[in-house]
Amino acid sequence: QMCIRDRYQRRVHGDIQQQFINLEMAQTQETIFDKILDKRIPATVVYEDDQVLAFRDVHPQAPVHVLIIPKNKDGLNGISRAEERHIQILGHLLYSVKIVADKLGLENGYRIVINDGQDGGQSVDHLHIHLLGGAQCTWPPGTPGPKI
């Protein structure tokens, strides 16, 4: 007869094992961004270097709406998955925002957004930065009016 402790340990072990399976699947599943990086799906690229790709969002939420993604995910599907080894690419992503904003003439300012996880509204399981500009941003975001 299985005691309560044994049943609990099996349940916890099973839960942990399932979490690892889910994480592994998320890291290996191909996303639309992988297809853009492989040039299997076209994108309007506005900037590219050896580490990042920046392209226009197909459903823009502002006059200028660009997505900036790392070319190598390295397990960094979202900001909550960041580890110390990701410090360099995270800094490079943010510096790339400045390069793209300068290139697109956003001298009056812009907003950057990183959605993380389901509750954060992340729709693609690949870290990406939204660069939004070309109009006055409102606060809080989503406030009605002509501004973005």
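These numbers were taken from a predicted model, which means no experiment stands behind them.

Undergrad: Would you mind going over helix H3 (residues 87-103) with me for this structure?
TA: Each α-helix winds once per 3.6 residues, and so residues spaced three or four apart point in a common direction. If you check H3, its first and last C-alpha atoms are 25 Å apart, about what 17 residues at 1.5 Å a residue would give, namely 24 Å. Turning to H3, its buried residues number three or more, namely Ile89, His92, Leu93, Ser96, Val97, Val100 and Ala101. In the core, the buried residues of H3 are packed alongside strand E1 (45-48), strand E2 (52-56), strand E3 (64-70), strand E4 (110-113) and strand E5 (129-133). Two residues or fewer past H3, Gly105 is found with a positive phi of approximately 75°.

Undergrad: What should I look at first to understand the pairing of E1 in this one?
TA: For E1 and E2, the ladder comprises three bridges, and the chain directions are antiparallel. Opposite Val45, over in E2, you have Phe55 as the bridge partner. Linkage of E1 to E2, two consecutive antiparallel strands, is achieved through a turn of three residues.

Undergrad: Can you help me understand the nonpolar core in this one?
TA: One broad trend across soluble globular proteins is that nonpolar side chains are buried collectively. Val52, Ala54, Val66, Ile68, Leu93, Val100 and Leu131 are the most contacted members of the largest nonpolar core, which totals 17 residues. No other element matches H3, which puts five residues into this core. Setting aside anything within four residues of it in sequence, one finds Leu131 in contact with Val64, His65, Val66, Val97, Val100, Ala101, Leu106, Tyr110, Arg111 and Ile112. With seven residues, the next largest nonpolar core counts Phe33, Leu67, Ile69 and Val124 among its residues.

Undergrad: Would you explain a nonpolar patch on the surface in this entry?
TA: Taken together, the side chains of Leu94, Tyr110 and Ile112 make up a nonpolar region of the molecular surface, amounting to roughly 260 Å² of accessible area. Residue placement: Ile112 occurs in strand E4. By relative accessible area, Ile112 is classed as partly exposed at 38%.

What counts, and at which threshold
Here the residue index of a chain counts from 1 through its sequence in written order. The model is predicted, so local features are restricted to residues of pLDDT at least 70 and side-chain atom pairs to those at 80 or more, both for listing and for counting; the totals for chains, interfaces and linings are taken over all residues. Side-chain descriptors were evaluated using all non-hydrogen atoms of the structure, hydrogens and water having been removed beforehand. In this description a helix means any DSSP run of H or I spanning at least four residues, a strand means any run of E spanning at least two, and both kinds are numbered starting from the N terminus. A helix is expected to reach a length of 1.5 Å times the quantity of its residues less one. When accessible area is computed with a 1.4 Å probe and restricted to protein chains, residues below 20% of their type maximum are described as buried, those above 50% as exposed, and intermediate ones as partly exposed. By definition, residues are in contact when any of their heavy atoms lie within 4.5 Å. Note on pairing: DSSP must find at least two bridges between two strands before they are called paired. We call a set of buried residues a nonpolar core when its members are Ala, Val, Leu, Ile, Met, Phe, Trp, Tyr or Cys and they connect through side-chain atoms within 4.5 Å of each other. Here a patch means residues that are over 30% exposed by relative accessible area and free of salt bridges, tied together within 9 Å if like-charged and within 5 Å if nonpolar (Val, Leu, Ile, Met, Phe, Trp, Tyr). The accessible surface values rely on the Shrake-Rupley method and a 1.4 Å probe; as for residues, cover is taken only from the protein chains in view. Salt bridge, as used here, is a side-chain nitrogen of Lys or Arg placed within 4 Å of a carboxyl oxygen of Asp or Glu.

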